[in-house]
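Here is what each chain is made of, one letter per residue.
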Amino acid sequence: RRISSPSCDLGVIRERLAAVELLVGDDLLRGDLRASLKAVPDIDRALSRLALDRGGPRDLAMLRGGLAQAGVLAGILQGDVPEVLAQARRALVGHDELAGLLETTLVAEPPLLARDGGFIASGVDADLDAARELRDEGRSVIARMQAEYIEQTGINSLKIKHNNVLGYFIETTATHAEKMLSEPLNALFKHRQTTANQVRFTTVPLSEMETKILNAGARALEIEKRIFEELRAAVLAAAGPIHGAARALAEVDVTAAFAELARMRDWAKPVVDASRVFEVEAGRHPVVEA
């Protein structure tokens, strides 16, 4: 942007040169800034993708990382600095709430697309955690129900089984049929099938659990997509400050890069004034030199 539209404001030019001069003279500060900048993703691009409804969980993660590093860079830029860097420092802070929300809500390495699921951290939404438990640990959930029914009936041989015809069902040996079909157990256990050696039952909670297990995967993804849209809305509501932080990061990046070049190649700070004089002594064109 600076190459395509250079500033003609003498004050702006001098501020930029002063910022470069500061970093040329402070190797430690320049090194810390450049090291921190390496960890900054392209948050402007991530914001644009989310604004165009083309973004995904990974774009949210890029914003999370970028805003977190913005705070780190602001901490490095302490003390008396030229106004161009002071402005950048002010734009780099104030994003803690959004960064914290993204940090607590997203997993460390989310997938590219929301439809892939698995990008919302555990403990964020109780319904999501329950759906995931059913999806991933359906057997253990059923095993807990089986243990509860054994305790209720006193029948240690009671089993919860599954087949493609009945779905989930409770099975006992025929010797326990009379007990299961009599009060008070018959109020909970509903008879479904009798075979030569077994009697099969169901319960309302078991039927409900079966439906939940079958729908758990789709339910979990539905909840994750809803949370993604909530996060996207939160990001878009803060689009202005985020864009300001992106511009500030670019400002620091360009300044530190110019300072690195000046330090490595022994470039001199030009004297810029309101005259039309263009005077260069022992100059070398940087591109031709390279």
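(A) Geometry of the overall build of the protein. Of the regular secondary structure elements, the protein holds 12 helices and four strands. In terms of overall dimensions, the protein is more spread out than a globule: its C-alpha atoms have a radius of gyration of 32 Å, far above the 19 Å expected for 290 residues. Along the first, second and third principal axes, the C-alpha atoms of the protein reach 110 × 35 × 35 Å. Burial status across the protein gives 36% buried among its 290 residues. Within the protein, counting contacts between residues at least 6 apart in sequence, those at least 24 apart form 66% of the total. A total of about 17300 Å² of accessible surface is found on the protein, and carbon and sulfur atoms cover 52% of it.

(B) Representation of helix α11 (residues 239–265) in the model. Between its terminal C-alpha atoms α11 stretches 39 Å, which fits the 39 Å expected from 27 residues at 1.5 Å a residue. All of the buried residues in α11 are I242, A245, A246, A248, L249, V252, T255, A256, A259 and A262. Positive backbone phi, approximately 60°, marks D266, located one or two places after α11.

(C) Representation of the packing of helix α1 (residues 10–24) against helix α2 (residues 27–37) in the model. At a minimum axis separation of 6 Å, α1 and α2 run at an interaxial angle of 105°. With respect to α2, the axis of α1 lies roughly perpendicular. Contact with α1, carried on its side by L22, L23 and V24, involves D27, L29, R30 and L33 of α2 and no other residues of that element. Broken down by class, the residue content of the contact of α1 with α2 amounts to five nonpolar, no polar and two charged.

(D) Representation of the side chain of E224. Its place among the elements puts E224 in helix α10 (residues 204–237). Among the polar contacts listed, one links the side chain of E224 to the backbone nitrogen of G118, at a separation of 2.7 Å. Not counting residues up to four positions away in its chain, the partners in contact with E224 are G117, G118, F119, I120, L128 and R132.

(E) Representation of α2. For α2, every residue scored as buried is listed here: L29, R30, L33, S36 and L37. Take α2 and look down its axis: the buried residues cluster within an arc of 135°, on one side only. The secondary structure elements touched by the buried residues of α2 are α1, α4 (57–76) and α11.

(F) Molecular detail of the environment of E21. Residue position: E21 is located in helix α1. On a C-alpha basis, the gap between E21 and E224 in space is 49 Å, while along the polypeptide they are 203 residues apart.

(G) Fine view of the pattern of salt bridges. What the rule picks out here adds up to 19 salt bridges. In this structure, R132 engages E224 in a salt bridge whose closest nitrogen and oxygen atoms are separated by 3.2 Å. In this pair, R132 sits in helix α7 (residues 126–136) while E224 sits in helix α10, placing the two residues 92 residues apart along the sequence. The exposure class assigned to R132 is buried, which follows from its relative accessible area of 11%. R226 is the partner of E230 in a salt bridge, and the nearest nitrogen-oxygen pair spans 3.0 Å. Of this pair, E230 and R226 both sit in helix α10, four residues apart, roughly one helical turn. Owing to a relative accessible area of 39%, R226 belongs among the partly exposed residues under this scheme. Salt bridges sharing common partners tie together D27, R30, R34, E260 and R263.

(H) Structural context of the nonpolar core. Core analysis: the largest hydrophobic core is formed by 49 residues, its most contacted members being L60, L63, V235 and I242. Ranked by residue count, the leading element in this core is α11, at eight residues. If you look at the next biggest cluster of nonpolar residues, it comprises 21 residues, including I142, L185, V199 and I213.

Cut-off values and rules
Residues numbered from 1 in each chain as written. Predicted model: local features only at pLDDT ≥ 70, side-chain atom pairs only at ≥ 80, totals over all residues. Heavy atoms only, no water. Helix = DSSP H or I, 4+ residues; strand = E, 2+ residues; numbered from the N terminus. Rg over C-alpha atoms; globule rule 2.2 N^0.38 Å. Buried < 20%, exposed > 50% of the residue type's maximum accessible area, 1.4 Å probe, protein only. Contact = heavy atoms within 4.5 Å. Areas by Shrake-Rupley, 256 points an atom, 1.4 Å probe, with all protein chains shown as cover. Expected span 1.5 Å × (residues − 1). Axes fitted to C-alpha atoms, helices over the stretch in contact; angles between N-to-C directions. Parallel < 35°, antiparallel > 145°, perpendicular 65-115°, else oblique. Nonpolar A, V, L, I, M, F, W, Y, C, P; charged D, E, K, R; others polar. Polar contact = N/O pair within 3.5 Å; in protein donor to acceptor, adjacent residues only side chain to side chain. Arc of directions from axis to C-beta. Salt bridge = Lys/Arg side-chain N within 4 Å of Asp/Glu carboxyl O. Core = buried A, V, L, I, M, F, W, Y, C linked by side-chain atoms within 4.5 Å.

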